[in-house]
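Spelled out from the first residue to the last, the chains are:
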Amino acid sequence: MQKVLVVEDELPLNQQLTDLLENAGYQAMGVTDGGTAFLAFQDFEPDLVLLDVMLPNKTGIEVCREIRAVSGVPIIMLTAKAEDEDVVDGLEAGADDYILKPMPSFKVLQARIEARLRPLRQPEFTEIILGPLVIDVLGHEVRRDGVRVALTPLEFNLLQTLAEAPKQVFKREDLLKKVWGYHYDADTRLVNVHVQRLRSKIEDDPDNPKIVVTERGVGYKAGQF
Amino acid sequence: MTLTVALSAAALVAVGGFLSLTIGNGLFQTRVEQVLQESKQASAEVQKTFTATGNTDVLALQTLVNEVIPNLEQNTANGSRKVALLRSPNQATNQFLQSPISGDLTVSDIPATLRNQVAKTENKLVYRTIYLEADGVMNQSIVVGSKVVIPVAGDYELYLVYDISDAQETLDFMQSTLAIGGLVMILLLGIVAYFVTRRIVAPVERAAIVAEQLALGSLDKRLPERGQDVVAALARSFNKMAQSLETQIGELSKLSKMQQRFVSDVSHELRTPLTTIKLATEMLEARVEELDPKARRALDTLVSQVARFESLLADLLEISRYDAGAVVAEIEPNNLGDVVSMAVSGLEPLAETLGCELILKLPTRPVDADFDPRRIERVLRNLISNAIEHGAGKPVEIQVGRSKTAVAVTIKDLGVGMSRSQMDRVFDRFWRGDPSRMRTTGGTGLGLAISLEDTHLHQGWLQVTSKPNQGTTFRLTLPRRIGGIFTESPLPLGETLSQRSRI
């Protein structure tokens, strides 16, 4: 049974979410305080975290950073303000995805959770060499000059998607569909922020990227080596 | 300033002219009186000399004449006096005395009319002004004539000619002094006027410039306050006014921002409880089989009202985003025909429910234009669903048109329509044409207000025309290229036009 940690300070909403998650077949645990969220995470060892932005004692952004420092577990932010810096801050802190309150329905949230928990699709290759990187597809590991680079599952998925079709330019919408599992219009900021995060981990000079290249006006592709 | 100088100059000329005339007359009169006085004395003395002499001898008399008359000649700094003793014509005696006359004087210098006058008068001085030429200059002179009776020889006329050009010189000198003084005065006046005007006008000009800047929104502009004069007082009053304006506008915009923030905050604050209610409702929906019919109906009501609450909240947020100026359109090249078709097909189910036919008229060519497809589709969905709702089950016609500069959509229903006053308020927030009407789509009352904002974001027009019981037509016109100018919509709207547009 997969475990979901719900960090949301509004107790009724927290309870409602955990109830619905349990109904949907997950093992759910609710935390209402930002200050204890990380401890709860370490105790519970969830497969996914639902994280509210506005939390007492510690903001969702800070909690997100704490978790990311030790784990690549999928994190979905819950936020009431789409237009604010919140979203970008959350994504930059390492959240994989976000969902706006009120979400259209629980089913939508469930779909987002499932997309993040879904086992990665059958790999076409067992190992891909992309410039200085060795991508061990089966072992979910990336090594750069023999040194392991810690990527979140989402970042790994993003890199793998680009690396498997080295000549193809992916539109942001394509990536949202392939990597995030969105089948309708979604926020392209998701792609931009995660490409930045990925670059900061694998590129020599993230401002002058060679591995994940921007194709102006279209999207991204893997660099040619 | 020019006027000031011109008026001063005119006044100066008038005063100067009057002065020089008065002084000139005065000078002349004084001189004439002096001349007459002298002449009277001289002629009386001459008469006395001749009366007193007992001589009857012509030679002796001639000698006397030759002694007395030339003595009357004078040549002083005050002017010269010339003399002539002429024999009166037509006398009985034939004793002639030689008539002595000053060297530079001739008989013809004495006017004949004066001679006639002298001949006719007794013991009286007669004078006349004449001009004598000397060294090529005409000098003003006075000729004073009187009768002198000489024993034996009869009546003679004594003429004394006074040169009064010195008086004229004085006058000329005075006049030229006046003229120079006047000119200097006018020049000084001009300079004074220039500085005074500068002192008064320059601050006024500055005030005008600052007022203009204030009007254009630079509320922190002020005038320099120097000194204690009227100008400084003006500057102080002006600055006080500007200060008060700035404070009040600042307060108003603060209030307005607070209000916008409040709406935005309230909307956000409501989202969390709304999410909870929604999720709870979903939980109930999942167990709908366990509920009795009444509870099911209650659940249905809960679901639909929560949905309505949610769309109201979304619209409120959208409007507050517009009010805060935080909306950015994602404008890209699009085909308006596609977007219209999409909106129409999305509303087919609603149209079917209400038994309304949707007629779509598209041009054969693609209607390409730059716009934000998400916003424009929202506008169209809103307009079309309104038309279906108010269309009284009659067909709704949606037409798309294009021109070189603009693209347009008209949505025409044949339903209940609106009165003029209703039409004027149709874009107002939370305004409803008929509050008693049952609303099928559960509109928020903000739909048209948002549609208008979306249209303005594209620099387009959203217009309406309507007649009660005949139907309503909405027309959306957008520029082909963003920022492009258009003056006419590619599609007609109708005769009555309530224009709510911005170019």
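Keep in mind it's a predicted model, so treat the numbers as computed, not measured.

Participant: Report on the overall build of chain B, specifying residues and quantitative values.
Facilitator: A count of helical and extended segments in chain B gives 10 helices and 12 strands. For chain B, with 503 residues in total, the buried portion stands at 27%. Counting only contacts in chain B whose residues sit at least 6 apart along the sequence, the fraction spanning at least 24 positions is 68%.

Participant: Kindly report on the overall build of chain A, identifying the contributing residues and their values.
Facilitator: Scanning chain A for helices and strands turns up eight helices and 12 strands. Taken over 225 residues, chain A has a buried fraction of 40%. Long-range pairs, those at least 24 residues apart, make up 54% of the contacts in chain A between residues at least 6 apart in sequence.

Participant: How would you sum up the interface of chain B and chain A? Please name residues and give values.
Facilitator: With 15 residues of chain B in contact, the opposing surface of chain A contributes 16 residues. Going through the elements one at a time, α5 (230–286) and α6 (293–323) of chain B are the ones with two or more residues in the side of chain B that touches chain A. Among the elements that take part in the side of chain B that touches chain A, α5(B) stands out by supplying 12 residues, more than any other. The residue inventory of the side of chain B that touches chain A, partitioned by class, reads six nonpolar, four polar and five charged.

Participant: Could you give an account of the packing of helix α1 (residues 2–52) of chain B against helix α4 (residues 165–215) of chain B, naming the residues involved and the relevant values?
Facilitator: All names here are of chain B. The contact between α1 and α4 brings their axes to 10 Å, and the two run at 165 degrees. With respect to α4, the element α1 is oriented roughly antiparallel. The two elements α1 and α4 cross, and the hand of that crossing is right-handed. Grouping the constituent residues of the contact of α1 with α4 by class yields 16 nonpolar, nine polar and one charged.

Participant: So what about the nonpolar core? Which residues, and what values?
Facilitator: Residues and elements named next belong to chain A. Counting 64 residues, the largest nonpolar core has Val7, Val49 and Leu51 as its most contacted members. When residues of this core are assigned to domains, at least three fall in each of domain 1 (3–117) and domain 2 (127–222). What Val49 contacts, discounting residues up to four positions off in sequence, is Leu5, Val7, Phe41, Ile67, Val73 and Ile75.

Participant: Just give me the short version of the confidence of the model for chain B, but keep the residues and values in it.
Facilitator: Fine structural detail should not be taken from predicted coordinates in areas where pLDDT scores are low. All names here are of chain B. Summarising the model, chain B shows a mean pLDDT of 85, and 95% of its residues fall at 70 or more. Across residues 495–503 the pLDDT falls below 50, and counting only partners more than four positions away or on other chains, this stretch makes 18 contacts in the model. Scoring the predicted complex yields pTM 0.59 and, for the interface, ipTM 0.77.

Participant: Outline the pairing of strand β4 (residues 137–150) of chain B, supporting the account with residue identities and numerical values.
Facilitator: Residues and elements named next belong to chain B. As paired strands, strand β3 (residues 126–134) and β4 are joined by nine bridges and run antiparallel to one another. What sits directly across from Ile130, in β4, is Ser141. Counting the residues in the hairpin turn of β3 and β4 gives two residues, including Asp135, whose phi is positive at 50 degrees. Alignment of β4 against strand β5 (residues 154–163), held across 10 bridges, turns out to be antiparallel. In the sheet register, Ile150 faces β5, and the bridge partner there is Gly154. If you look at the hairpin formed by β4 and β5, you'll find three residues sitting between the two strands, and Val152 has a positive phi there, around 70 degrees.

Participant: Pulling in residues and values, what's your account of the sheet that holds strand β11 (residues 212–215) of chain A?
Facilitator: Residues and elements named next belong to chain A. Sheet architecture is open: three strands sit in the order β10-β12-β11, paired in antiparallel fashion. Strands with a single pairing partner mark the edges of an open sheet, and in this sheet they are β10 (170–171) and β11. Where β10 meets strand β12 (residues 219–222), two bridges bridge the pair, whose relative direction is antiparallel. Its bridge partner being in β12, Phe170 is matched across the sheet by Tyr220.

Participant: Please set out helix α5 (residues 106–117) of chain A residue by residue, giving values where relevant.
Facilitator: Over its 12 residues, α5(A) extends 16 Å from the first C-alpha to the last, a length consistent with the 16 Å expected when each residue adds 1.5 Å. Inspection of α5(A) places A:Phe106, A:Leu109, A:Arg112, A:Ile113 and A:Arg116 among the buried residues, and these make up the whole buried set. For α5(A), the angular spread of buried residues about the axis comes to 125 degrees, placing them on one side. More than 90 degrees from the buried face of α5(A), the exposed residues found are A:Lys107 and A:Val108. As for α5(A), its buried residues are in contact with β1 (3–7), α1 (11–23), β3 (48–52), β4 (75–79) and β5 (97–100) of chain A together with α5 of chain B.

Participant: With reference to specific residues and values, describe the sheet that holds strand β8 (residues 141–144) of chain A.
Facilitator: Residue and element names in this part refer to chain A. Strand order in the open sheet formed by four strands is β6-β7-β8-β9, with antiparallel pairing between adjacent strands. Two strands bound the open sheet, and with one partner strand each, they are β6 (127–130) and β9 (147–149). The average undirected angle you get between the axes of adjacent strands in this sheet is 30 degrees. Two elements, β8 and β9, share three bridges in a ladder whose sense is antiparallel. What sits directly across from Arg143, in β9, is Arg148.

Participant: Talk me through the environment of B:Ala406; I want residue IDs and the actual numbers.
Facilitator: All names here are of chain B. By secondary structure assignment, the location of Ala406 is in strand β10 (residues 406–412). Judged by the 23 C-beta atoms lying within 10 Å of it, Ala406 falls in the buried class. Look past the residues within four positions of Ala406 in its chain and what remains in contact with it is Thr477, Leu478, Pro479, Arg480, Phe486, Ser489 and Pro490.

Participant: Can you break down the packing of helix α8 (residues 373–390) of chain B against helix α10 (residues 447–457) of chain B residue by residue, with the values?
Facilitator: Residues and elements named next belong to chain B. Their axes nearest at 9 Å, the elements α8 and α10 cross at an angle of 145 degrees. Our pair here, α8 against α10, has a crossing hand that is left-handed. Within the contact between the two elements, α8 uses Arg375, Arg378, Val379, Asn382 and Leu383 and α10 uses Gly447, Leu448, Ser451, Asp454, Thr455 and Leu457. Residue composition of the contact of α8 with α10, by class: four nonpolar, four polar and three charged.

Participant: Describe the environment of B:Gly190, and please don't skip the residues or the numbers.
Facilitator: Relative to the assigned elements, B:Gly190 resides in helix α4. Considering only alpha carbons, one finds B:Gly190 and B:Thr2, 188 residues apart in sequence, at a separation of 7.9 Å.

About the cut-offs
Residues numbered from 1 in each chain as written. Chains lettered and ligands numbered in written order. Predicted model: local features only at pLDDT ≥ 70, side-chain atom pairs only at ≥ 80, totals over all residues. Helix = DSSP H or I, 4+ residues; strand = E, 2+ residues; numbered from the N terminus. Buried ≥ 20, exposed ≤ 12 C-beta atoms within 10 Å, placed from the backbone. Contact = placed C-beta atoms within 7 Å. Nonpolar A, V, L, I, M, F, W, Y, C, P; charged D, E, K, R; others polar. Axes fitted to C-alpha atoms, helices over the stretch in contact; angles between N-to-C directions. Parallel < 35°, antiparallel > 145°, perpendicular 65-115°, else oblique. Left-handed = near helix turned anticlockwise from the far one by under 90°. Core = buried A, V, L, I, M, F, W, Y, C linked by C-beta atoms within 7 Å. Domains from an automatic or database assignment. pLDDT = per-residue confidence, 0-100. Pairing = 2+ DSSP bridges. Expected span 1.5 Å × (residues − 1). Arc of directions from axis to C-beta.

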